[in-house]
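# Architecture and fold: a report
Given next are the chains, with one letter for each unit.
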Amino acid sequence: MFQTFYRCLLPSAVAINSATFIGYRVAGFIGAIFSLLGILLPALTNVVGI
């Protein structure tokens with residue numbers, strides 16, 4: 001049950017790849033890093049907070 005609950009909180013691989021790709025296309029390597037952090041950090045803080 002908990003595994004299914006956590007799966008809903010974390011972004012999927014498609015979302016991570018899309019955000020990284022768009023960040024790279026818009027702002028280069030730094031944009032890819034910031035977009036990756038922007039999509040992962042909110043989800044990880046929710047998981048750690050629970």
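Keep in mind that this is a model prediction, so the values were computed, not measured. (Residues numbered from 1 in each chain as written. Predicted model: local features only at pLDDT ≥ 70, side-chain atom pairs only at ≥ 80, totals over all residues. Heavy atoms only, no water.)

### Details of a nonpolar patch on the surface
Here is the rule we go by: Here the term patch refers to residues with relative accessible area over 30% and no salt bridge, with like charges joined within 9 Å and nonpolar side chains (Val, Leu, Ile, Met, Phe, Trp, Tyr) within 5 Å. To measure how exposed things are, a 1.4 Å probe is used in the Shrake-Rupley method; for residues, cover is taken only from the protein chains shown. Salt-bridge detection follows one rule: a side-chain nitrogen of Lys or Arg within 4 Å of a carboxyl oxygen of Asp or Glu. Numbering of helices and strands runs from the N terminus, with a helix taken as a DSSP run of H or I at least four residues long and a strand as a DSSP run of E at least two residues long. Each residue's exposure class comes from its accessible area (1.4 Å probe, protein chains only) as a fraction of the maximum for that residue type: buried when under 20%, exposed when over 50%, partly exposed otherwise.
On the surface, Leu-10, Tyr-24, Phe-29, Ile-30, Ile-33, Phe-34, Leu-37, Leu-41 and Leu-44 cluster together into a nonpolar patch covering about 910 Å² of accessible area. Topologically, Leu-41 is positioned in helix 2 (residues 13–49). Using a relative accessible area of 45% as the deciding quantity, one classes Leu-41 as partly exposed.

### Quick notes on helix 2
How we decide: Here the expected length of a helix is defined as 1.5 Å per residue gap, with one fewer gap than residues. One fitted axis covers the seven residues ending at a residue, a second covers the seven starting there, and the bend at that residue is the angle between these axes.
Its 37 residues place the ends of helix 2 only 22 Å apart at the C-alpha level, less than the 54 Å of an ideal helix rising 1.5 Å per residue. Maximum bend of helix 2: about 145°, positioned at Ala-27.

### Structural notes on the side chain of Ser-35
Definition in use: It only takes one pair of heavy atoms within 4.5 Å for two residues to be counted as in contact.
Structurally, Ser-35 is set in helix 2. Given the relative accessible area of 18%, Ser-35 is considered buried. Sequence-distant contacts of Ser-35, that is, excluding residues within four places in its chain, are made with Ala-19, Thr-20 and Gly-23.

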